[in-house]
Amino acid sequence: MSLIKTKIISFWQRAKSAGLFLNFLRKTKLNQEEIDKRLVYALSPRKIPTNDQLKHLNKFLSPRESLVVRICFLIILVNVIYLGVVFVKKHLQYLPVAGGEYIEGAVGYPKTINPLYAVNRGVDSDLSRLIYSSLLQYNQNGRLENDLVNSIDISADNKEYLVKIKNNVKWHNGDKLSVDDVLFTFDIIKNSDYRSPLRFSFTGVEAEKIDDYTIKFTLSDPYAPFPELLTFGILPKNIWENINPGTATLSDLNLKPIGSGPYKFKSLIKNKDGDLKEYRLTVNSDYYGQAPYIKNISFDFFVSYQEAIKAFNDNQISGLSYLPFDWRKELLAKDSLKFHELVQPQIIALFFNRDKNKTLADKDVRVALATALDKEKIISEVFGGIYPRVDGPILKENFAYTDTIQKYNYAPDSAAATIKTKPLTAVLTVIDSGSNVIVAEKIKTYWASAGVNITLKVISSEQASEVIKNRDFEIILYGEAVGGDPDVYSFWHSSQIGNKGLNLAGYNNPAVDSLLVEARVTTNSDSRIAAYKKFQELVTADLPAIFLYSPTYTYVQNNNLKGFSSSVIIEPADRFSGVSGWYLKTKKKLTW
């Protein structure tokens, strides 16, 4: 009753006000239509029509007016929806969140997940990279950056490296990492009883503790690429110091390691033969760097690529550690996969042995052989145009690369004219591995078209070491892993000629020797770049080899994984350099 009474009083007050307002309007002598309008406005509690009022709109509008109103309303509605969609697309972000599991398939089995022994062992290196930290590491662009290191100071004579490390690093068991662990790892690498393949890299290098977070490395001679050697994983001293060197490779710690990297050991599963079938890692919650988003990373191991690809096609794994080029066609649902073609420091070239074939000592003949080849077409036909062309001894991705080198483009007519005046009979040796034989056959076809009497000699991988060691070839199609640093002394200095060196072409140029020595003893970046620029110009002008292409490392992942950003790797395990930024789960957020 009180509500009804309140409404009656409210209406009476409005009516009374309207009556007073009406008298006022009459006194102002307005016309009746204007008085009616103002009277209605005075009675209405709001100026915007209500839903009940809008229902009666058609009674006051003609059919045409009603249609125009409806069309205008529809246009407004469409525009509001369109602007809303545009706004959301522009301002909606998918942010990574923690969680999920990434399962990678790999061919082979790990044996020693230990930085002392994991060198050149694919799966061992992959797991070691995720579990252990190192002083320095390669980033997603193939450049060295600090990992455990805070700073490095180099002495004026380039022989002493004072390294300061972070003081907030913990091992997976909760203990704190210090310089004692770094020094211990360095010492056992140099200890011949441990038989680490890293030992020879540190010949002439000594280390001493300065304080708990500072260590000094002293070199017998200046060596500019030395920082590249500081990428070995660090072992915990208090755990490994009681392990007998003679049985270190048999320790259970090699399969259940304790490191300080972004991921730590969780579990493993072996098959009935005792081989590892599955290996599980979980995120290190105490990691000193950016905390990884993916909670668990697992590895499933297979005996062959055929088996691994089948598992990938059946969605049993999320990624494939490496995909040989010849196996690409076996993958199904390619639209749901990401093929990461990672640049690696490897150069495929044709090396001339002038001691075995005197005609190859004539530079005009070597130039003819180079210009008789259509590199781009070979790369396109054999590798789908994926592998980059190479024209010199240093790759484009390297900081010391220069484009001012001599390039030998396809010129079949001039090549044939030279060969016609300087006949050549030669044997092309190729190792039967991957697509090498297919490439060699195409090279043979091009050279035969130019008038070269060429014979193809295919050897097995087992024969290759002896053929290389004894330089038992006239021309050989071969790949060299040149590393992340531009130091290619081992491949082109005259001291490396012979069965103990890697100078396959027997190249001897005193000016080049001087430049290579100069570039490896100075740490001044500008000086090194200038020396390597001149070196590249001299080598490509002399043409001791025909540089062809650089194979990429094909890493395949499911589209569900986001955040992979690597483009260059020095070794396959470097594909995990940005693993902290990978993610599987996201959340939505509107930004204004």
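Summary of the structure given here. The structure presented is a predicted model; accordingly, all values stated were derived computationally and were not measured. (Residues numbered from 1 in each chain as written. Predicted model: local features only at pLDDT ≥ 70, side-chain atom pairs only at ≥ 80, totals over all residues. Heavy atoms only, no water.)

### So, the overall build of the protein
Helix and strand content of the protein: 16 helices and 20 strands. Looking at the 592 residues of the protein, the share that counts as buried comes to 44%. The long-range share in the protein, meaning contacts at least 24 apart out of those at least 6 apart in sequence, stands at 68%. Surface accessibility of the protein: about 30400 Å² in total, with carbon and sulfur atoms responsible for 53%. (Helix = DSSP H or I, 4+ residues; strand = E, 2+ residues; numbered from the N terminus. Buried < 20%, exposed > 50% of the residue type's maximum accessible area, 1.4 Å probe, protein only. Contact = heavy atoms within 4.5 Å. Areas by Shrake-Rupley, 256 points an atom, 1.4 Å probe, with all protein chains shown as cover.)

### Quick word on the layout of surface pockets
It is a probe the size of a water molecule, rolled over the atoms, that shows where empty space is left. When its volume is computed, the second largest pocket comes out at roughly 680 Å³. Every residue lining the second largest pocket is counted, 24 residues in all, and those nearest its centre are Q346, I348, S433, N436 and P551. Of all elements in the fold, only β14 (346-352), β17 (475-481) and β19 (552-558) reach the threshold of two or more residues within the lining of the second largest pocket. Here the lining of the second largest pocket gets five residues from one element, more than from any other, and that element is β17. Here the residues of the lining of the second largest pocket are counted per class, giving 13 nonpolar, nine polar and two charged. (1 Å grid on protein atoms, 1.4 Å probe; cavity = no way out; pocket = protein on both sides within 12 Å on 5 of 7 lines; lining within 4 Å. Points joined across faces, edges and corners; volume = space filled by probe spheres on them. Nonpolar A, V, L, I, M, F, W, Y, C, P; charged D, E, K, R; others polar.)

### Regarding the pairing of strand β5 (residues 149-154)
Across five bridges, the pairing between β5 and strand β6 (residues 160-165) is antiparallel. Counted as the bridge partner of I154 is Y161 from β6. The turn linking β5 back onto β6 is made up of five residues, and N158 within it adopts a positive phi angle of 60 degrees. (Pairing = 2+ DSSP bridges.)

### Things to note about the packing of aromatic side chains
Following the criterion strictly, the structure yields 26 aromatic pairs and no others. Judged by centre distance (6.2 Å) and plane angle (75 degrees), the rings of Y293 and Y583 are edge-to-face. With a gap of 290 residues between them, Y293 in the loop between β10 (276-283) and β11 (296-302) and Y583 in the loop between β19 and β20 (585-590) connect regions that are remote in the sequence. With relative accessibility at 17%, the residue Y583 sits in the buried group. A cation over a ring is seen here: R199 above F200, with NZ or CZ 4.6 Å from the ring centre. Seen from the ring of Y555, R575 lies directly overhead, with NZ or CZ sitting 5.0 Å from the centre. (Phe/Tyr/Trp six-rings, centres within 6.5 Å; stacked < 30°, edge-to-face > 60°. Lys NZ or Arg CZ within 6 Å of the ring centre and 35° of its normal.)

All we've got here are geometric facts, nothing functional implied.
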